[in-house]
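Here is how the chains run, residue by residue.
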Amino acid sequence: MKIYRWGLPSLLILSLLMAGQTASAQIPSTHWANDGYQYYKAQSGEVVVLDTRDPNKKTVLLSKEMLTPQGEKAIAPRNFYLSADGQKVLVYTNAKKVWRYPTRGDYWVYDLTAKKLTKLGAKFPASSLMFGKFSPDGTKVGYVSGHNIYVETLADNSVKQLTTDGTTKLINGTFDWVYEEEFFCRDGFRWSPDSKKIAYWQIDASNTKNYLMLNTTDSIYPFVKPVEYPIAGEPPSPFKIGVISADGGSTKWMDIPTDPVLQSYVPRMEWAANSSELIIQHMNRAQNHTEVMICNAATGKSNSIYSETDAAWIDILPTWEEHYYYGGWNWFKNGAEFLWASEKDGWRHLYRISRDGKKEKLITKGNYDVMQINAIDEQSGYVYFSASQDNATQKYLYRTKLDGSGKAERLTPATEPGTHEYDVSPNGKAATHAFSNYYTEGTNETVSLPLHKTFSGDEKVAKAIAAAADAKAKSNVEFFKVKTEDGVEMDGWMQKPNNFDPAKKYPVVLFVYGEPWGQNVKDENGTTYNFMYTGDMAADGYIYMSIDNRGTPVPKGREWRKSIYKGIGTLNIRDLAMGTKQLLKERSYLDTSRVAVWGWSGGGSSTLNLMFQYGDIFKTGIAVAAVGNQLTYDNIYQERYTGVPVDEASRAAFTKGSPITYAKNLKGNLLYVHGTGDDNVHYTNAEQLINELVKNNRQFQLMLYPNRTHGISEGAGTTTHLRTMYTNYLREHCPPGAR
């Protein structure tokens, strides 16, 4: 139930932005060279080598000519990978979406020594290979096709099928819908370091019930599209972790205990810094207890070495750190220790855990959250990470000693307040750096570290800051804090109208998300842009604002984020309502008779609950793709934050937080929008909500988009129609302009 705004992961997925996140396996990203200064990128249909020290220096590694098969058009690299010896390049192209991301496509190998381009999986249909990757020795490539795992030997392009039982319900080497959506599990197999074996997940969805989506647009006769989808209260698809020889043979399954009724999860698995053992993260169904296990690849025997419990839930690393979406485990001292992230002291910090789990060392210390792990340089003894110790709307680069000694050192200059993104080279010598704040346009550069000096001739950030010298004073955007009558202080932003007159009253439009997947209040350029409005809100006379309530994933500590446990639909809604109420009280220019709210997905749910529970404050609402009944949403997401609904008592929190429970209270103007082909927040939510509104004679406006998914973007004219309808409805029911 996540939607992705520009650079903002949250429970919001606009298809406009589906490819906006870094996904290291299939979406282009920086590939650093061993010297820590040069890096590879796919650029203009070629693979080039760039140098952080000289922004004008570029070397072509693979030209369009080299990427042109005989008698065909040049292939366009979407992503690429170099073999360990640097002599072969694996090129990913012709990508197609699987649910959210373009993880299915074609793979080619270019041999730099033989100067030869070869397509892999020649016998398979176009765009049908997934997660291709070199064996560590560079002699083979493994990939998934049709829910089975294959290995292709590069010397003769012979293909060995490792698994043969894969179906749409018995899934090898990749995952079902809910693992992908909520754990970011996509790439489901791993080469052993010695290139002799492959470890993989098998997901058995044969007993997972299907949600039957009805396609009424693609043929004269409607047809059913089933999607295996375990809703809250339904057990997850059972998993297996297996190891098989790269030459084929039988699979050795790991002995991992699980609850025979409730089941459990393994969201992370890697080779344990050798070719004889695996390391996995095993979680209970409620996701509030996790254990790290070492599994013997030959015998299957597993041993729990470390465990952790939280009164609410435990966030696995890929749920907040996008660099781990496609796997990864950080080892130290040749496999004697590993990195672990935990909130157990009240803040998200990094620890070193010994291989037997008996020793641990806190690396990052203080009352702040680690927001991202940017690089680990064991040789120099530093970890580079992002945090914001004083302002939860911003983000900066720090480093600290890997042995836990000393304090965190901020590397981002104090003269650059705002949001910073870094791709740090593995040895910490250099980084690509992107910067913006609400009054400074986004720009990027390359910098040396740790001094954070811009390389000669690449002073884009300094120029952007200079160009914005007067912009802050002229900006109509204000970042503020509001403290509610409940004593809760929240961050917010507000964009005021052009020619603002504080003696007049202006309509208010509140943009909400409100659930544990969305931070709206970020000090970055464009943060106040409303992509749904067809005009200029400031020019038209609207005050546009947003507030981050408790439970949103902002760097304010564990208690802030997890206070929402069993309170989605109640605690977050009260925070948003009381925050708005306080602003209306404090600021006389906010027109209490013209207050609107809108949101998408989780934000749509928040919009409905605000309209139904606090109709005295919110007069107009626009809810898009909203969850109307929490018991219809998937088990991993909903149970993580609300518990496992095994009986009536445990189902109470789901009912209490669901908009349909309060639909009878609707007073104001409501526009409800949903796509009938939404595989994420299913169309049943719309019909259940409609029934409640009809039963209680609550009038509203409804727009259903036939066969559109959660992003409501498919089909000619869809986006324009949606934005036009949104804008017209807002202007009609919450008229713009000063009074």
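Here goes a summary of the coordinates provided. (Residues numbered from 1 in each chain as written. Predicted model: local features only at pLDDT ≥ 70, side-chain atom pairs only at ≥ 80, totals over all residues. Heavy atoms only, no water.)

Digging into the layout of surface pockets
Let me state the cut-off plainly: Lining residues are those with an atom within 4 Å of a point, where the points come from a 1 Å grid over the protein atoms alone and group into cavities, where a 1.4 Å probe fits but cannot get out, or pockets, open sets with protein on both sides within 12 Å along at least five of seven lines. Grid points are joined across faces, edges and corners, and a volume is the space filled by probe spheres set on the points. Working definition: helices are DSSP H or I runs of at least four residues, strands are E runs of at least two. Numbering for both runs from the N terminus. We call Asp, Glu, Lys and Arg charged. Ala, Val, Leu, Ile, Met, Phe, Trp, Tyr, Cys and Pro are nonpolar, and the rest, Gly among them, are polar.
By volume, the second largest pocket is sized at about 490 Å³. Along the wall of the second largest pocket there are 23 residues; nearest its centre are Val 98, Trp 99, His 147, Thr 168 and Glu 228. Every element with two or more residues in the lining of the second largest pocket is listed here: β8 (88–98), β12 (140–145), α1 (177–183) and β19 (223–228). Top contributing element to the lining of the second largest pocket by residue count: β19, with 4 residues. Across the lining of the second largest pocket, the residue classes break down as 9 nonpolar, 7 polar and 7 charged.

Here's the deal with the pairing of strand β32 (residues 396–401)
What counts is decided by this rule: The classification of residues rests on relative accessible area computed with a 1.4 Å probe and restricted to protein chains. Under 20% of the type maximum is buried, over 50% is exposed, and intermediate values are partly exposed. Here, any two strands with at least 2 DSSP bridges between them count as paired.
Burial of β32 is extensive: 5 of the 6 residues sit out of reach of the surface. Across 6 bridges, strand β31 (residues 382–387) lies against β32 in antiparallel orientation. From the neighbouring strand, Ala 387 faces β32, where its bridge partner is Tyr 396. Of the pairings in the sheet, the one linking β32 to strand β33 (residues 409–410) comprises 2 bridges and is antiparallel in character. Its bridge partner lying in β33, Tyr 398 is registered against Arg 410.

A closer look at unusual backbone geometry
Here Leu 449 and Pro 450 are connected by a cis peptide whose omega angle stands at 10°. Here Pro 450 is to be found in the loop between β36 (440–448) and β37 (453–454). The phi dihedral of Gln 263 falls on the positive side, at around 70°, and the residue is not glycine. Residue position: Gln 263 is located in the loop between β21 (252–253) and β22 (264–271). The backbone of Lys 333 sits at a positive phi, close to 50°, despite the residue not being glycine. Mapped onto the elements, Lys 333 comes out in the loop between β26 (331–332) and β27 (337–342).

Quick look at the sheet that holds β33
The antiparallel open sheet is built from 4 strands, whose spatial order is β30-β31-β32-β33. Since the sheet does not close on itself, it has two edges, and those belong to β30 (372–377) and β33, each with one partner.

Some thoughts on the pattern of salt bridges
Here is the rule: Between Lys or Arg on one side and Asp or Glu on the other, a salt bridge is scored when a side-chain nitrogen of the former is within 4 Å of a carboxyl oxygen of the latter.
Using the criterion set out here, one finds 36 salt bridges in the structure. Here Glu 180 ties to Arg 186 by a salt bridge, and the two come within 3.6 Å at their closest N and O atoms. A relative accessible area of 4% places Glu 180 in the buried class. Here Arg 731 makes a salt bridge to Asp 540, at a shortest N to O gap of 3.3 Å. Here Arg 731 is found in helix α11 (residues 718–733), whereas its partner Asp 540 is found in helix α4 (residues 537–540), with 191 residues between them in sequence.

Observations concerning the packing of aromatic side chains
Heads up, the condition is: Centres within 6.5 Å are what make two rings of Phe, Tyr or Trp a pair, Trp counting through its six-membered ring; a difference in plane orientation under 30 degrees is then read as stacked, over 60 as edge-to-face, and the rest as tilted. Counted as over-ring charges are cases with an Arg CZ or a Lys NZ within 6 Å of the ring centre that also lie within 35 degrees of the ring normal.
Applying the stated criterion across every chain, the model contains 38 aromatic pairs. When the ring of Phe 124 is compared with that of Tyr 150, the centres are 4.8 Å apart and the planes differ by 70°; the resulting orientation is edge-to-face. Here Phe 124 is found in the loop between β10 (116–119) and β11 (129–134), whereas its partner Tyr 150 is found in strand β13 (residues 148–153), with 26 residues between them in sequence. Residues Phe 124 and Tyr 150 agree in their burial class; the two are buried. Note on Trp 329 and Trp 340: the rings are 6.4 Å apart at their centroids and 40° apart in plane angle, and the pair reads as tilted. Of this pair, Trp 329 sits in the loop between β25 (302–309) and β26 while Trp 340 is found in strand β27, placing the two residues 11 residues apart along the sequence. Connected via pairs of aromatic rings, a cluster forms that spans Trp 177, Tyr 229, Trp 313, Tyr 565, Tyr 633, Tyr 637 and Tyr 641. Of note, Arg 268 hangs over the ring of Trp 329, and the distance from its end group to the ring centre comes to 4.2 Å. The ring of Trp 560 has Lys 556 sitting right over it, with the charged end atom 4.2 Å from the ring centre.

Points about a nonpolar patch on the surface
Which entries qualify depends on this criterion: The residues that make up patches have over 30% relative accessible area and no salt bridge, and they are joined within 9 Å when like-charged or within 5 Å when they are Val, Leu, Ile, Met, Phe, Trp or Tyr. Areas reported here follow the Shrake-Rupley algorithm with a probe of radius 1.4 Å; residue values treat only the protein chains shown as occluding.
There is a patch of nonpolar side chains on the surface, built from Leu 212, Leu 214 and Val 224 and spanning about 280 Å² of accessible area. Along the chain, Leu 214 falls in strand β18 (residues 210–215).

Focus on the pairing of β8
Residues in a regular strand point their side chains to alternate faces of the sheet. Here strand β7 (residues 79–82) runs beside β8; their pairing, made up of 4 bridges, is antiparallel. Along β8, the bridge assignment pairs Asn 79 with Tyr 92. As consecutive antiparallel partners, β7 and β8 are separated by 5 residues, and within that stretch Gly 86 has a phi angle of approximately 75°, a positive value. Bridging between β8 and strand β9 (residues 101–111) involves 8 bridges; their strand directions are antiparallel. Directly across from Tyr 92, in β9, lies its bridge partner Tyr 107. Between β8 and β9, which pair antiparallel one after the other, the connecting turn spans 2 residues, and Trp 99 there sits at a positive phi close to 60°.

By themselves, these are just geometric observations and shouldn't be taken as functional.
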